Amino acid sequence: TKPPGRHFHKDRQLWMPLTLADFEAINRCNRPLPKNFNFAADVLDQWAQKEKTGERPANPALWWVNGKGDEVKWSFRELGSLSRKAANVLTKPCGLQRGDHVAVILPRIPEWWLVNVACIRTGIVFIPGTIQLTAKDILYRLRASKAKCIVASEEVAPAVESIALECPDLKTKLLVSPQSRTGWLSFQELFQSASEEHSCVETGSQEPMTIYFTSGTTGSPKMAQHSQSSLGIGLTLCGRYWLDLKSSDIIWNMSDTGWVKAAIGSVFSSWLCGACVFVHQMAQFDTDIFLDTLTTYPITTLCSPPTVYRMLVRKDLKRYKFKSLRHCLTGGEPLNPEVLEQWRTQTGLELYEGYGQTEVGIICANQKGQEIKPGSMGKGMLPYDVQIIDENGNVLPPGKEGEIALRLKSTRPFCFFSEYVDNPQKTAATIRGDFYVTGDRGVMDSDGYFWFVGRADDVIISSGYRIGPFEVESALIEHPAVVESAVVSSPDQIRREVVKAFVVLAAPFKSYNPEKLTLELQDHVKKSTAPYKYPRKVEFVEELPKTITGKIKRNVLRDQEWRRR
Ligand code: ATP
Ligand code: MG
């Protein structure tokens, strides 16, 4: 019989495993999607095989540290046998079956990776969440997803207990902790006695694999469901050409386990390329520990949200000698060109920005080898056909601002999310004519580079001009007084709507005269970008409202402004 994800090799008269080159060909639409695919069997177990034959360098698959002297290093072979044990824990004592929903709320501990792979081996649909979720957030997620089981750590166990009775579908609570707790099964105990024998389920390529909640930057998080192949094969080009990974690389992706960025950088893209996933379980982000980690470990590839780089460039980075770092990435939010410039002068390294969504993975990226245009998100990534469209779904020419959209017809790209679970209205609302609309506005230049303007809701219309907050924020951050800012619309009698900037000041500027500083910042913006964009109102604040992922919630500030009226 034919194992999943293998193809018949005519010359050799054999069923051969699909290779990275095959996955690349599928992404480039040069090969059809196989009927069956399973990331554990078709990717991870293939790397384990290559370890045996010496076709892969002696580089761990997972390398975990916690800064307290604890360390875990697993090869793909070890990851294979340990995840088979974990698979048996899920199916036997937890009684879970293929297609069941499981919420996984764990910090960056090795078990998170085991549970992910165990779910893939068994066809159980996993739903990651961050440990920063409150009881109310967890309740929303458990009810919305109808999860039968929750895998959680001690940090969130009390919150789960406080709402568990309100979740009729929740049957099992599995605790990952050295301690046991009443009402919970113990992962560690069950894992000890679980068998290493497990045969991987033969999953269909289009069968559901995971549900990721969106960040909730603009409202309640939505449940984006992904198939076995959408991330499992669909992130090949992202791994090879944006992350620039080979099996000898070590990637440190900072993303929290609850967001799709973790799936992209710490699971699928990296392991498709056979690279080592490096994890540092920091209780809290700390720039000193961060810089120390880069100087101590042979990390070759770094992926962090823009906020981290904004903090780092305020340090004297020339003092640090990074051990092996050669490729740096960012995404999730726009990166101000000023920060890119400073990172480059201070470290001698480029910063490659990518643009994506929970729903569709990486859409645009500055790929290795392409010229970087500071402030741009790079070019569209295959298999997507990225276009700028107008409100009627017509493609706009280069230079014209509109909505960033992906062509759906004639075939829907396989790496798309399948739907927002239980929300046909929201799913349907993403479609306009032949396109999927991202809800973001941007411009494509004549070289095919995309420039982010803002979330469609964040764009400010003042005296007939459309103003994207990102450009104004990028102008502000060039000024030494500005650490961060958020630009939103504010009501105005004459213009109806004007630009207002909320600004976090650098420490030495906090004692300055605010009126004078306001004038200085306004003047600076007028010189740096088209004068009509300058913020007519400026307010100095200690911090900006952000999502757990660190994204600025402009809608909170905007609502506050309009309510004040
Ligand atoms: P929600 O959809 O729940 O409001 P969200 O859109 O923030 O939350 P995510 O899927 O995590 O949820 O984020 C995708 C969004 O993040 C994009 O639509 C875009 O607005 C923003 N984004 C991601 N990468 C970039 C980037 N490089 N530049 C600008 N914006 C980006
Ligand atoms: Mg969104």
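From a predicted model like this one, the values you see are computed outputs, not experimental measurements.

Asks: Whenever I open this one, the overall build of the protein chain confuses me. Can you help?
Replies: Along the protein chain, the regular secondary structure elements total 17 helices and 29 strands. Against the globule reference of 24 Å for 565 residues, the protein chain gives a C-alpha radius of gyration of 24 Å, in line with a compact fold. Overall, the C-alpha framework of the protein chain stretches about 70 × 55 × 50 Å when taken along its three principal axes. Of the roughly 23,400 Å² of accessible surface on the protein chain, 49% is carried by carbon and sulfur atoms.

Asks: What is the right way to look at the nonpolar core in this model?
Replies: Within soluble globular proteins, side chains that are nonpolar generally end up buried alongside one another. The biggest cluster of nonpolar side chains holds 127 residues, and the ones touching the most others in it are Phe39, Phe268, Trp271, Phe290 and Trp343. For Phe268, the residues in contact, after removing those within four places along its chain, are Phe39, Ile120, Phe126, Met209, Leu231, Gly232, Leu235 and Ala263.

Asks: Explain the site of ligand 1 here, please?
Replies: What surrounds ligand 1 is a group of 21 residues, the closest being Ser215, Thr217, Thr218, Thr358 and Asp440. At a separation of 3.1 Å, an oxygen atom of ligand 1 approaches a polar side-chain atom of Lys222. For ligand 1, whose free accessible area comes to 620 Å², the fraction covered by protein is 94%. Those elements giving two or more residues to the shell around ligand 1 turn out to be strand 16 (351-357) and strand 24 (449-455).

Asks: Honestly, helix 15 (residues 469-476) in this entry has me stumped. Any pointers?
Replies: Owing to its 3.6 residues per turn, the α-helix brings residues three or four apart onto one side. Burial within helix 15 is extensive, with 7 of its 8 residues counted as buried. Within helix 15, the full set of buried residues consists of Pro469, Phe470, Val472, Glu473, Ser474, Ala475 and Leu476.

Asks: What should I look at first to understand the side chain of Glu359 in this one?
Replies: Position of Glu359 among the secondary structure elements: in the loop between strand 16 and strand 17 (361-365). Apart from residues no more than four positions distant in its own chain, Glu359 is found in contact with Thr214, Lys222, Ala224, His226, Phe416, Phe417, Tyr420 and Tyr436.

Asks: Got a minute to help me understand the environment of Lys500 in this structure?
Replies: Along the polypeptide, Lys500 turns up in strand 28 (residues 496-505). Aside from chain neighbours lying at most four places away, what touches Lys500 is Ala486, Val487, Val488, Ser490, Lys537, Glu539, Glu561 and Arg564. Reaching out from Lys500, the side chain makes a polar contact with the side chain of Glu539 at a distance of 2.7 Å.

Asks: Quick question: what am I supposed to make of the packing of aromatic side chains here?
Replies: Both the distance between ring centres and the angle between the ring planes are used here to describe each pair of aromatic rings. Applying the stated rule across the entire model yields 23 aromatic pairs. A centroid spacing of 5.5 Å and a plane angle of 55° characterise the contact between Phe285 and Phe290, whose relative ring orientation is tilted. The class for Phe290 is buried, based on a relative accessible area of 0%. Ring geometry for Phe417 and Tyr420: centres 5.0 Å apart, planes at 50°, overall tilted. Exposure class is identical for Phe417 and Tyr420. Each is buried. A connected cluster of aromatic rings, assembled from ring pairs, spans Trp63, Trp252, Phe278, Phe285, Phe290 and Tyr297. The ring of Phe191 has Lys85 lying over it, and the distance from NZ or CZ to the ring centre is 5.3 Å.

Asks: What is the right way to look at the pattern of salt bridges in this model?
Replies: Two side chains bearing opposite charge may form a pair once their charged atoms approach each other closely. Applying the stated criterion across every chain yields a total of 36 salt bridges. Among the salt bridges present, the one from Asp45 reaches Arg84, with a minimum N-O distance of 3.4 Å. Of this pair, Asp45 sits in helix 2 (residues 39-53) while Arg84 sits in helix 3 (residues 76-91), and the two are 39 residues apart along the sequence. Across the pair Glu401 and Arg466 runs a salt bridge whose closest N-O atoms are separated by 3.5 Å. Taken as a pair, Glu401 in the loop between strand 19 (386-389) and strand 20 (402-407) and Arg466 in strand 26 (residues 465-467) lie far apart in primary sequence, 65 residues in all. On the basis of relative accessible area, Glu401 is assigned to the partly exposed category, the value being 27%. Connected via shared salt-bridge partners are Asp244, Asp249, Arg326 and Lys368.

Conventions adopted
- Residues numbered from 1 in each chain as written.
- Chains lettered and ligands numbered in written order.
- Predicted model: local features only at pLDDT ≥ 70, side-chain atom pairs only at ≥ 80, totals over all residues.
- Heavy atoms only, no water.
- Helix = DSSP H or I, 4+ residues; strand = E, 2+ residues; numbered from the N terminus.
- Rg over C-alpha atoms; globule rule 2.2 N^0.38 Å.
- Areas by Shrake-Rupley, 256 points an atom, 1.4 Å probe, with all protein chains shown as cover.
- Core = buried A, V, L, I, M, F, W, Y, C linked by side-chain atoms within 4.5 Å.
- Buried < 20%, exposed > 50% of the residue type's maximum accessible area, 1.4 Å probe, protein only.
- Contact = heavy atoms within 4.5 Å.
- Near = heavy atom within 4 Å.
- Polar contact = N/O pair within 3.5 Å; in protein donor to acceptor, adjacent residues only side chain to side chain.
- Phe/Tyr/Trp six-rings, centres within 6.5 Å; stacked < 30°, edge-to-face > 60°.
- Lys NZ or Arg CZ within 6 Å of the ring centre and 35° of its normal.
- Salt bridge = Lys/Arg side-chain N within 4 Å of Asp/Glu carboxyl O.

Functional significance is not addressed by these values, which are geometric in nature.
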